[in-house]
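The lines below spell out each chain.
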Amino acid sequence: MGKGFSVHCRNCGYEKLFFLGVGMMDFAIDQSGLPMSLPDELKAEILARLQGVTPTDVVRERRLLACPQCRTLQSHFYVCVRHNHRTVYETCFQCDACQSELVPADADVSQYRCAQCGEQALEDTGIIMWD
């Protein structure tokens, strides 16, 4: 079961819901050993890199990421595929605004800036569980 939370900006009223973790659909695996929920183009890229072998480990989850430059939050579906302890594919994400590489968010929501107005005025307004 996944979890998530919502944020609200006290300055401009911006609201955003962040989904984290995995849901039931993320556990379904196809004959290639990859999650059925992956987009076809991503699956094709990973299969090309696997070169006919079945992955030995697939990590997939929605993660909360932060831009170290803008100090804003984003959530993305992270995928890491390994074969015999070798990383075959790993997603990397860039900030929508400045193209900096996103990193795992490691601070309280209040320490980040609003994606709409840029002010450091975010507050956590609730937790959800989803599937």
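You'll find the structure just up there.
Just so we're clear, the structure is a prediction, and the values are computed from it rather than from any experiment.

A. Helix H1 (residues 40–50), seen in detail. Looking at H1, one finds that the buried residues are Leu42, Lys43, Ile46 and Leu50. All buried residues of H1 fall inside an arc of 100 degrees around its axis, so they share one side. Away from the buried face of H1 by more than 90 degrees, exposed residues Asp40, Glu41 and Ala48 are located. The inward-facing, buried residues of H1 contact strand S4 (73–83) and strand S5 (86–90). Once H1 finishes, Gln51 follows within two positions and takes phi at roughly 50 degrees, a positive value.

B. Molecular detail of the sheet that holds strand S2 (residues 15–20). Here three strands make up an open sheet; going across it, the order is S2-S1-S7 and the pairing antiparallel. Every interior strand has two partners, whereas the edge strands, S2 and strand S7 (122–130), have only one. Averaged over all neighbouring strand pairs, the angle between strand axes comes to 20 degrees, with direction disregarded. Summarising the sheet, strand S1 (residues 2–9) and S7 pair through eight bridges and their orientation is antiparallel. Looking at the pairing, Gly4 lines up with Ile128 of S7.

C. Up close: a nonpolar patch on the surface. On the surface, Met1, Ile127 and Met129 cluster together into a nonpolar patch covering about 400 Å² of accessible area. Tracing the chain through its elements places Ile127 in strand S7.

D. Expanded view of the sheet that holds S4. In space, the four strands of this open sheet follow the order S5-S4-S3-S6, with antiparallel pairing throughout. In this open sheet, the two edge strands, each paired with only one partner strand, are S5 and strand S6 (103–104). Note: strand S3 (residues 57–66) against S4, ten bridges, orientation antiparallel. The partner of Val58 across the bridge, within S4, is Val81.

E. Region of interest: the pairing of S5. Two elements, S4 and S5, share four bridges in a ladder whose sense is antiparallel. In the sheet register, Arg82 faces S5, and the bridge partner there is Thr87. Linking S4 back to S5 in an antiparallel pair, the connection comprises two residues, with Asn84 at a positive phi of about 50 degrees.

F. How the structure looks around the state of the cysteines. A complete count under the given rule lists zero disulfides for this structure. For the unlinked cysteine Cys9, the closest cysteine sulfur is that of Cys117, found at 3.7 Å. Overall, Cys9 belongs to the buried group, its relative accessible area being 0%. The structure places no disulfide on Cys95, whose sulfur is separated from the nearest cysteine sulfur, that of Cys67, by 3.7 Å. A relative accessible area of 2% places Cys95 in the buried class.

G. Examining empty space enclosed by the protein more closely. Summed over the entire model, instances satisfying the criterion amount to one cavity of 30 Å³ or more. In this structure, the largest cavity occupies an estimated 50 Å³ of space. Taken together, Val7, Tyr14, Lys16, Phe18, Thr72, Leu73, Arg113, Ala115 and Leu122 make up the full set of residues lining the largest cavity. Of the residues belonging to the lining of the largest cavity, the class tally is six nonpolar, one polar and two charged.

The rules behind the values
- Along each chain, numbering runs from 1 in the same order as the chain's sequence is written.
- For this predicted model, a pLDDT threshold of at least 70 governs which residues receive local features, and a threshold of 80 or more governs which side-chain atom pairs are given and counted, while totals over whole chains, interfaces and linings are taken from all residues.
- As a convention, hydrogens and water are excluded, and side-chain values are obtained from all of the structure's heavy atoms.
- Residue exposure (1.4 Å probe, protein chains only): buried if accessible area is under 20% of the type maximum, exposed if over 50%, otherwise partly exposed.
- Starting at the N terminus, helices and strands are each numbered in turn, a helix being any DSSP run of H or I of at least four residues and a strand any DSSP run of E of at least two.
- Comment: arc refers to directions from the helix axis out to C-beta atoms.
- In what follows, a contact means two residues having at least one pair of non-hydrogen atoms within 4.5 Å.
- Being paired, for any two strands, means DSSP has found at least two bridges between them.
- Only the contacting stretch of a helix is used when fitting its axis, a line to C-alpha atoms as for every element, and angles between N-to-C directions run 0 to 180 degrees.
- The patch calculation keeps residues exceeding 30% relative accessible area without a salt bridge and links them within 9 Å when they carry like charges or within 5 Å when they are nonpolar (Val, Leu, Ile, Met, Phe, Trp, Tyr).
- Here the Shrake-Rupley method, with its probe set to 1.4 Å, supplies the accessible areas, and only the displayed protein chains count as covering residues.
- Salt-bridge detection follows one rule: a side-chain nitrogen of Lys or Arg within 4 Å of a carboxyl oxygen of Asp or Glu.
- When the sulfur atoms of two cysteines come within 2.5 Å, that pair is taken as a disulfide.
- Definitions used for this entry: grid spacing 1 Å over protein atoms alone; cavity, a set of points where a 1.4 Å probe fits but cannot get out; pocket, an open set with protein on both sides within 12 Å along at least 5 of 7 lines; lining residue, one with an atom within 4 Å of a point.
- Grid points are joined across faces, edges and corners, and a volume is the space filled by probe spheres set on the points.
- Each residue is assigned to one of three groups, with Ala, Val, Leu, Ile, Met, Phe, Trp, Tyr, Cys and Pro labelled nonpolar, Asp, Glu, Lys and Arg labelled charged, and all others, Gly among them, labelled polar.

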